[in-house]
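Examination of the molecular architecture
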Amino acid sequence: MEIKEVRVPSIDIDAELCKGCVLCVTECPKGVIEMTDTINHMGYTVAKYIGEGCTGCAICFYACPEPSTIVVHKK
Ligand code: SF4
Ligand code: SF4
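We now turn to the structure provided with this report.

Quick notes on the rules
Residues numbered from 1 in each chain as written. Chains lettered and ligands numbered in written order. Predicted model: local features only at pLDDT ≥ 70, side-chain atom pairs only at ≥ 80, totals over all residues. Helix = DSSP H or I, 4+ residues; strand = E, 2+ residues; numbered from the N terminus. Rg over C-alpha atoms; globule rule 2.2 N^0.38 Å. Buried ≥ 20, exposed ≤ 12 C-beta atoms within 10 Å, placed from the backbone. Contact = placed C-beta atoms within 7 Å. Near = placed C-beta within 6 Å. Nonpolar A, V, L, I, M, F, W, Y, C, P; charged D, E, K, R; others polar.

**Remarks on the overall build of the protein chain**
- The secondary structure content of the protein chain amounts to two helices and four strands.
- In the protein chain, the succession of α and β elements from N to C terminus is β-α-β-β-α-β.
- Rg of the C-alpha trace for the protein chain: 12 Å, near the compact-globule value of 11 Å for 75 residues, within the 12% margin.
- For the protein chain, the C-alpha atoms occupy an extent of roughly 35 × 25 × 20 Å along the three principal directions.
- Each of the 75 residues in the protein chain was classed as buried or not, and the buried ones make up 19%.
- Restricting to contacts in the protein chain with at least 6 residues of sequence separation, those with at least 24 account for 63%.

Right, dumping it as structure tokens:
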């Protein structure tokens, strides 16, 4: 797993692993993940981080049923 030094918390979502279940979108307390119209190689529409507002709480990470899809970068 890549370890990255960051100034503000953020997440990365691997679009090719996402199954489009929307759980991260509904569970994020800050509302900073949204579904897109992008379709990955498996045919699922994918979620993405809007780019700001993440607190690094990792709720999305634990909500996601697909291991390794979401990486949380804490401060
Ligand atoms: S780490 Fe928390 S605040 Fe950041 S995107 Fe995930 S659920 Fe939302
Ligand atoms: S919870 Fe995981 S699989 Fe579901 S939409 Fe979010 S990133 Fe994709």
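**With respect to the site of ligand 2**
- Around ligand 2 there are 14 residues in total, and Cys18, Cys21, Cys24, Ala47 and Cys64 lie nearest to it.
- Looking at the shell around ligand 2, its residues break down into ten nonpolar, two polar and two charged.

**Description of the site of ligand 1**
- Taken together, 14 residues sit near ligand 1, with Cys28, Cys54, Cys57, Ile59 and Cys60 positioned nearest.
- Within the shell around ligand 1, the residues separate by chemical class into eleven nonpolar, two polar and one charged.

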